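# Observations on the three-dimensional arrangement
Listed here are the chains, written in short residue letters.
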Amino acid sequence: MAASCTRLTLLRPHTVPLLYYRTRHCGDSDTRAGTAKAVSFCPPVESKYDWIGPPDRYSNLRPIKYFVPVDESALERKLRELRQETEDWNQMFWASQNLTFIKEKEEFIVSKLNALGLGQRDEKGRKRTLDAEVMADFYKDFLSKNFAKHAVYNREWYKRNFTITFLMGRVKLQRALKKIGWK
């Protein structure tokens, strides 16, 4: 196991305050410079809660390790798997979208600076930037180009969240009926 630690947030059902804990990285995480692997983390084996890890460097989303109870029902397993699948889908979309945005933004800045006859660095070696009005054109064009992609994403996001919410209600009902002894 690596010696470094990661700060994690523990999600406890039925409690408002979020508690912060530290845990070790999994032994399979690569700590060499320049690696693009996502940070992996390992909640303690005895934990009975979901754990949230540090933000991913590309998507800016925080990965979740879901608790798997020993007596998990088929409905609870279906809910957990759908939540995990949605997390993975969301991670892939935003990592791809953010990388595309960064690449296109850099290309836009370089092309504008070249059109103005300026280099990417000033006399003191600092990276040149464009003013907000020029960048607003890029942001508008980027959003317009990706409007259909975002519309499809939003439809799918709402559909998945509605299904997750519905399954959560069914799981709560199943647990309540089990608690009162109804089969």
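Cut-off values and rules
- Residues numbered from 1 in each chain as written.
- Predicted model: local features only at pLDDT ≥ 70, side-chain atom pairs only at ≥ 80, totals over all residues.
- Heavy atoms only, no water.
- Helix = DSSP H or I, 4+ residues; strand = E, 2+ residues; numbered from the N terminus.
- Buried < 20%, exposed > 50% of the residue type's maximum accessible area, 1.4 Å probe, protein only.
- Contact = heavy atoms within 4.5 Å.
- Areas by Shrake-Rupley, 256 points an atom, 1.4 Å probe, with all protein chains shown as cover.
- Phe/Tyr/Trp six-rings, centres within 6.5 Å; stacked < 30°, edge-to-face > 60°.
- Lys NZ or Arg CZ within 6 Å of the ring centre and 35° of its normal.
- Lys, Arg positive; Asp, Glu negative; His and termini not counted.
- Salt bridge = Lys/Arg side-chain N within 4 Å of Asp/Glu carboxyl O.
- Polar contact = N/O pair within 3.5 Å; in protein donor to acceptor, adjacent residues only side chain to side chain.
- pLDDT = per-residue confidence, 0-100.

## Focus: the overall build of the protein chain
When you go through the protein chain residue by residue, the secondary structure sums to three helices and four strands. Order of helices (α) and strands (β) in the protein chain, N terminus to C terminus: β-β-β-β-α-α-α. Sorting the 183 residues of the protein chain into buried and exposed places 27% on the buried side. When contacts within the protein chain are restricted to residue pairs at least 6 apart in sequence, long-range pairs at least 24 apart make up 49% of them. Carbon and sulfur atoms make up 58% of the accessible area of the protein chain, which totals about 13500 Å².

## Focus on the packing of aromatic side chains
Under the defined criterion, the tally for this structure stands at 12 aromatic pairs. For the pair W89 and W157, a centre-to-centre distance of 6.4 Å together with 15° between the ring planes defines the contact as stacked. In this pair, W89 is assigned in helix α1 (residues 74–115) and W157 in helix α3 (residues 147–179), connecting sequence segments 68 residues apart. For the ring pair F101 and Y139, a centre distance of 6.1 Å and an interplane angle of 15° mean the geometry is stacked. Taken as a pair, F101 in helix α1 and Y139 in helix α2 (residues 132–145) lie far apart in primary sequence, 38 residues in all. The positively charged end of R160 is found above the aromatic ring belonging to W89, 4.6 Å away from the centroid.

## What to know about the side chain of D56
Looking at the secondary structure, you find D56 in the loop between β3 (50–52) and β4 (64–65). Buried charge without a salt bridge: D56, with R57 as the nearest opposite-charge side chain at an N-O distance of 7.5 Å. There is a polar contact of 2.9 Å between the side chain of D56 and the backbone nitrogen of S59.

## Some thoughts on the pattern of salt bridges
Enumeration according to the criterion identifies 11 salt bridges in this entry. Across the pair K145 and E104 runs a salt bridge whose closest N-O atoms are separated by 2.8 Å. Taken together, the residues span a long stretch of sequence, with K145 in helix α2 and E104 in helix α1 at a distance of 41 residues. Between R160 and E156 there is a salt bridge, with its nearest N and O atoms 2.9 Å apart. Of this pair, R160 and E156 are both found in helix α3, four residues apart, which corresponds to roughly one turn of the helix. Note on R160: relative accessible area 12%, which makes it buried. Within the structure, one salt-bridge network assembled from shared partners comprises E85, E156, K159 and R160.

## So, the confidence of the model for the protein chain
Model confidence for the protein chain is summarised by a mean pLDDT of 80, while 77% of its residues fall at 70 or above. The element-level mean pLDDT for the protein chain is lowest in strand β2 (residues 19–24), coming to 32, with α3 highest at 96. This model gives residues 1–38 a pLDDT under 50, and the stretch forms 66 contacts once residues within four places in sequence are excluded.

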